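# Examination of the molecular architecture
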Amino acid sequence: MRGAATVIAAAVLAGALLLPAAPALAAAGEITPEPTATSEPASTPEPSASAEPVSPEGSEPEGSEPEGSEPEPESTAPSEPVSTPDPTATPAPTATPEPIPSASPAPGENPALPAIDPTPLPASTWQATTAPTAGTVLLQSDPAGIDYGVDIAWAPSAEQSSEAVGYRVELFSGRNPDNANTLISRVEVDADTLRYRVEGVAFGSATVVARVTVLDGAAAVGDRLVSTPLTLPPSSTGVLSSVGVDAPTLSGPTADGLTVTWNAADDSASPAPAGYALRVLERRHDQLATSANSYLVGTYDVGTPVTGGDGTLSAELTGLEGSSRYLVAVVPYDVVDGVLRFRGSSATSTPPPSWAADYLAQTLGSRAPLTEFSNRPATPEATSARVVSWSGTATTGRYTGGSPVTGYVVELHAAGTGLVTSQTVTVTDAAEAPATVFRGLQPGARYSVRVAAVNADGVGELSDFSATVTTPTASDPGSRPPAYADRAAVAAAVGDGSLQEAASVTVQKGTALAVDVPWTGAQSGEAWWYGDAVFARTVTTPVSGTTSVEVDTSALAVGTQWLLLVSDDELDGRAAPTGAPPVVVRVEVTAPANSTLQLENAVLRWGLNDESNNGAYFGGCNFLSAGLTPDPGGSALFAPAQYSAKSGTVSIEKPDASGAYVPASWDTKCLDRTGTPLSSGTSTPYGGNQFVMTGGTGEVDRATGSASIRWDGDVTVVYYGGLTFWYLSDPVLTVENGVGTLTATGSGFGTDMDDQTKWQPIAPRTITLATFSGVQVGADGFTVTPDYRGVAVSLPADATPQSRTGADWGSFPQSFVDFQRATGQAAYWYSSGGQADAAKPATPFVVGYDAATFTAPAAETPAATEQAGARVPSAKLPPARVPVVVAPVTAATALASGAATAGASVVIVESASASALGETELVLLLALIAALGLIVVVVGAGGGAVVLLERRNPGR
């Protein structure tokens, strides 16, 4: 962060007056602490981070932006760390600074002054004399009524003191300590500090209130202490005049400053001021209310600048942060007995508008990133007793400080301790979300994180604490992956000598492997297979003697494997203990004599994805039907006769309430496992339909992890109750060394948004349904999770673009999406940025070697229902085949006119929620109704719609 603002005033002296660099002020509200007993005024006093409550009591800034004036902030970025102040409870008085000659002025007059170098106002020296009682916060102001600092003292209860590692001290204008838009300052101090002074809080009548929160090192805890409000006087005692000035204007923003212009105080009936002070306020980036004007960066003495030709005074502020919005107020002052006496402050310059609008006085350039303090980081995850991982979100939008984010500082805090450690995470793409892992932690301890984004200007503001997580008292076996990511990492460590290699062994696949553990003394740890870091078993050794452990090899592929023996200490992120270094054993796995299995009745079970088993915006739901549904001649809803639960080698099954798969039917296809109808407004649960295709032929080599299986059967994949559907036929599975594809013949019918009468057959073509890797070919079958997340797809310019952010971005294979471009369903098979993206990833499919004996795994228990809005954008709706005609007349008028004749019907469409159907939803609904060959002639409004439908072609 840059230093405090410098002021360049047009002064009596020729040229610009440059203020030496002032100490940095924390953007989160750090201000000059109360001086220590030995402090003395310096030639260049430190600035005070005070703040301005200019609104009179009872007219505080509103708590939120007026509806529609401000979009939601784009992301959370982290808040700058505040340094720990060291105020004392009873500072000794210091000499009063005298910025003018010591000669006394004549009564009632200000002295003639030489030019005053612009400097931050010095810290106050008055003493607070009253102590707070236990469990309270006490605000005190200058007993002499001259200075505008506010002393905050607090006395926590005994219970609070026992928990405290520190305190968060906040001062607000007005009487409401919960309105973030009135924040004056925020600072965190250690547990030994029980008093803090905020300098230059206001110059003029203002009411302030303080809030003190106990910090236990990892979180803000307990009841917060709130003071009684304190009202400050309208001006200092002993001012020579109450004449003030009007609000200034701001102009000429630069990368780190702006120009302030104001009219001089009217001295026709009273002495002219001895000088002026400028109070610089900032609209914090996380304050949405346009009336927020209390957060003060500093107050600067500019003396008496030269009057311009138009009678105005002006000063140039420099050293401000870039990419920020500032306000300024002007305070005239008199000098009496060598002491500055402040008249009432002017109002602030015109407040900045909402963040969505431009602000002419916003500084250019850039600054270190900002934070939205109320939006805490994601909660970390305790992956074991000594390991905590954390994944966050990227800092974007105005919180970047006007410069691309290049990394993050992630701090780990522990209850009872505070900061434990921090890690710097570098990102190569500004949109990349940060993630990190902390190891070597304490079991059963409570941790949280705080995050600060980093850009070219430095480390930004530090966020608030995340929610806490408690590490388990012990780790579950296999929950702590070793530091080696894969086989290549193990081989590299062996090559450079950092990983010891024991004597190699040979074993036939499927037989138990006995391995001698070369550790000495009582040790504990785990064995992991490489391949790709697969947990094998736990390992313990006695105080004396040697230990041999048996490891299963049935899931291993034939060839060279590595077995890593690693101690619990290393798995927990600590150094290996004496006598238990990490050791790797090279294992040569040979094929068993009967590794190849010929298949004659293999079974394939798959539901494609959750969206294919979801409620639809129209037509009930998306579902699967066995066999090839005959061509209906156009886009239309299915009738019961068009649905088939079994056809040839294919049947449709779905889970019941227990998770067991049972035959589906026309009546149950659009129900979840509990019998509840599916809804397009929920993301879970889904229908769970699967096609079950038997009769597969081919072979499986369990030794090499290879397979080749072919099925003969057809499935109809139906969306929107039948308005659009396609065929999946004769799938072929190929696996080599655990890597493979599932292909099929795709065909069906396509529609065109530009030609709503089009119903075009799609010629059969081979499409790739799924690609996958890491498959372990089992004894009687296996489960495959297809690739989807992180898979990019190429799309033409006129297609809905792929969204490549979020946890569920990805795609089905390229040839599959190309085929769906012809059906009109393409955007349902890759991430497009909509609410349905979470339902699009491919679900696992299951292969059994013998359909007669293979038992399908029970369905997973669905997550709790999560309400969501309508999830079907217009770009993804099946096209209507009949133009829609909407006549904007009331339902009463239409019915009274006799429009509801024998060929028409009246439909009452009620909203599922308490609110009215939105305009977009209503238009889409009517477009789909029109697909049935109807003309919409009446539309109602309110909580639903009254729709009069007339069939255009009754004979079709």
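Reading the values: rules and limits
Residues numbered from 1 in each chain as written. Predicted model: local features only at pLDDT ≥ 70, side-chain atom pairs only at ≥ 80, totals over all residues. Heavy atoms only, no water. Helix = DSSP H or I, 4+ residues; strand = E, 2+ residues; numbered from the N terminus. Buried < 20%, exposed > 50% of the residue type's maximum accessible area, 1.4 Å probe, protein only. Contact = heavy atoms within 4.5 Å. Areas by Shrake-Rupley, 256 points an atom, 1.4 Å probe, with all protein chains shown as cover. Pairing = 2+ DSSP bridges. Disulfide = S-S within 2.5 Å. Axes fitted to C-alpha atoms, helices over the stretch in contact; angles between N-to-C directions. Salt bridge = Lys/Arg side-chain N within 4 Å of Asp/Glu carboxyl O. Lys, Arg positive; Asp, Glu negative; His and termini not counted. Polar contact = N/O pair within 3.5 Å; in protein donor to acceptor, adjacent residues only side chain to side chain. pLDDT = per-residue confidence, 0-100. Core = buried A, V, L, I, M, F, W, Y, C linked by side-chain atoms within 4.5 Å. Phe/Tyr/Trp six-rings, centres within 6.5 Å; stacked < 30°, edge-to-face > 60°. Arc of directions from axis to C-beta.

Identification of the protein chain as Fibronectin type-III domain-containing protein from Herbiconiux moechotypicola is taken from an unreviewed UniProt entry.

### Here we look at the overall build of the protein chain
A tally of helices and strands in the protein chain yields 6 helices and 48 strands. A total of 956 residues make up the protein chain; the buried ones form 51% of that total. A sequence separation of at least 24 residues applies to 72% of the contacts in the protein chain between residues at least 6 apart. In the form shown here, the protein chain has an accessible surface area of approximately 39,000 Å², with 52% of it arising from carbon and sulfur atoms.

### Some words on the pairing of strand β19 (residues 387–391)
The side chains of a regular strand alternate, residue by residue, between the two faces of the sheet. For β19, the buried fraction is high: 4 of the 5 residues fall into the buried class. Two strands pair when backbone bridges link them, and strand β18 (residues 381–384) and β19 are joined in this way by 3 bridges, in the antiparallel orientation. Bridged to A382 within β19 is V388. The hairpin formed by β18 and β19 contains 2 residues between the paired strands. Sheet topology note: the β19/strand β22 (residues 435–438) ladder contains 4 bridges and is antiparallel. Residue pairing in the sheet places S391 in a bridge with A435 of β22.

### Some words on the state of the cysteines
Where two cysteines share a covalent bond between their sulfur atoms, that bond is called a disulfide. Tallying each qualifying case throughout the model produces 1 disulfide. Here C621 engages in a disulfide with C670; their sulfurs sit 2.0 Å apart. On the sign convention where negative is left-handed, the bridge of C621 and C670, at about -70 degrees about the S-S bond, is left-handed. Taken together, the residues span a long stretch of sequence, with C621 in the loop between β33 (596–606) and β34 (623–626) and C670 in the loop between β37 (661–663) and β38 (690–701) at a distance of 49 residues. Judged by relative accessible area, which is 0%, C621 ranks as buried. Judged by relative accessible area, which is 16%, C670 ranks as buried.

### Here we look at unusual backbone geometry
Cis geometry is adopted by the peptide bond preceding G531, which originates at Y530 and carries an omega value of 5 degrees. Structurally, G531 is set in the loop between β28 (523–530) and β29 (534–541). In the Ramachandran plot, D337 falls in the positive-phi region, its phi being about 55 degrees despite a non-glycine side chain. Mapping D337 onto the fold places it in the loop between β16 (325–336) and β17 (339–342). Positioned with a positive phi, D730 is a non-glycine residue whose angle comes to about 50 degrees. Mapped onto the elements of the fold, D730 is located in strand β41 (residues 724–736).

### Notes on the sheet that holds strand β14 (residues 296–303)
One open sheet holds the 5 strands; their spatial order is β2-β14-β13-β16-β17, and the pairing between them is antiparallel. Of all strands in the sheet, those with a lone pairing partner are β2 (119–120) and β17, marking the two edges. Here strand β13 (residues 275–283) pairs with β16 via 9 bridges, running antiparallel. Across the sheet, the residue bridging to Y276 is P332, located in β16.

### Remarks on the sheet that holds β28
Strand order across the open sheet formed by 5 strands is β26-β32-β31-β28-β29, with mixed pairing between neighbours. Two strands close off the open sheet at either side, each with one partner strand: β26 (500–508) and β29. The sheet shows a mean angle of 25 degrees between the axes of neighbouring strands, taken without regard to direction. Bridge count for β28 against β29 is 7 bridges, and the pairing is antiparallel. Bridge assignment links G525 to a residue of β29, and that residue is V539.

### Quick word on the pattern of salt bridges
Scanning the entire structure with this criterion turns up 25 salt bridges. The closest approach of N and O atoms between R480 and D572, which form a salt bridge, is 3.0 Å. Here D572 lies in the loop between α3 (568–571) and β32 (583–590) and R480 lies in the loop between β25 (469–470) and α2 (487–496), a separation of 92 residues in the sequence. R586 is paired through a salt bridge with E501; the nearest N and O atoms lie 3.2 Å apart. In this pair, R586 is assigned in strand β32 and E501 in strand β26, connecting sequence segments 85 residues apart.

### Topic: the side chain of E199
Among the secondary structure elements, E199 is positioned in the loop between β7 (195–198) and β8 (206–215). One buried charged side chain, E199, makes no salt bridge at all; its nearest oppositely charged neighbour is R197, positioned 4.8 Å away. At 3.0 Å, the side chain of E199 forms a polar contact with the side chain of S124.

### Looking at the confidence of the model for the protein chain
Taken residue by residue, the protein chain gives an average pLDDT of 80. The fraction at 70 or more is 77%. Predicted confidence for residues 864–920 stays below pLDDT 50, and this span has 125 contacts to residues more than four positions away or in other chains. Low pLDDT, under 50, characterises residues 931–956; the stretch is placed with 89 contacts to residues that sit more than four places away or in other chains.

### With respect to the nonpolar core
Counting residues in hydrophobic clusters, the biggest one holds 65 residues, and the most contacted among them are W606, L608, F691, W726, L733 and F845. In this view, F691 contacts L604, R605, W606, L608, L624, V650, S651, I652, V715 and L728; residues no more than four positions away in its chain are not counted.

### Some remarks on the packing of aromatic side chains
Summed over all chains, the structure comprises 28 aromatic pairs. When the centroid spacing of 5.2 Å and the interplanar angle of 40 degrees are considered together, the rings of Y148 and F203 count as tilted. Of the two residues, Y148 is situated in the loop between β3 (136–141) and β4 (150–155) and F203 in the loop between β7 and β8; the sequence distance between them amounts to 55 residues. We classify Y148 as buried; its relative accessible area is 1%.

### Focus: the environment of Q140
Of note, Q140 is situated in strand β3. On the basis of relative accessibility, which here comes to 10%, the residue Q140 falls in the buried class. Between the C-alpha atom of Q140 and that of V150, which follows or precedes it by 10 residues, the distance is 5.9 Å. Discounting chain neighbours no more than four positions away, the residues touching Q140 are W126, A128, T129, T130, G149, V150, D151, R195 and L230. Looking at Q140, its side chain comes within polar contact range of the main-chain nitrogen of T129, at 3.4 Å. At 2.8 Å, the side chain of Q140 and the backbone oxygen of T130 are in polar contact.

### Observations concerning α2
Every α-helical turn comprises 3.6 residues, leaving residues that sit three or four positions apart pointing alike. Its side-chain oxygen 3.3 Å from the backbone nitrogen of A488, D486 forms the N-cap of α2. Positive phi shows up at G497, right after α2, with a value of about 85 degrees.

### Digging into helix α4 (residues 814–823)
F816, V817, F819, Q820 and T823 are the residues of α4 that are buried. End-on view of α4: buried residues confined to an arc of 160 degrees, all on one side of the axis. Immediately downstream of α4, the backbone of G824 shows phi near 90 degrees, a positive value.

### Some thoughts on the side chain of D286
Locating D286 in the fold gives a position in the loop between β13 and β14. Residue classification places D286 among the buried residues on the basis of a relative accessible area of 18%. Among the polar contacts listed, one links the side chain of D286 to the side chain of R284, at a separation of 3.0 Å. Engagement of the side chain of D286 in a polar contact is seen with the backbone nitrogen of F373, the distance being 3.1 Å. Setting aside its immediate chain neighbours within four residues, D286 contacts T371, E372, F373 and Y399.

### Here's the deal with the environment of G217
Along the chain, the position of G217 falls in the loop between β8 and β9 (220–226). Taking the C-alpha atoms as reference points, G217 and L412, 195 residues apart in sequence, are found 10.0 Å from one another.

### Digging into the environment of E550
Along the chain, the position of E550 falls in strand β30 (residues 547–551). For the pair E550 and D516, spaced 34 residues apart in the sequence, the C-alpha separation amounts to 9.0 Å. Excluding residues that lie within four positions of it along the chain, E550 makes contacts with A512, L513, A514 and R537.

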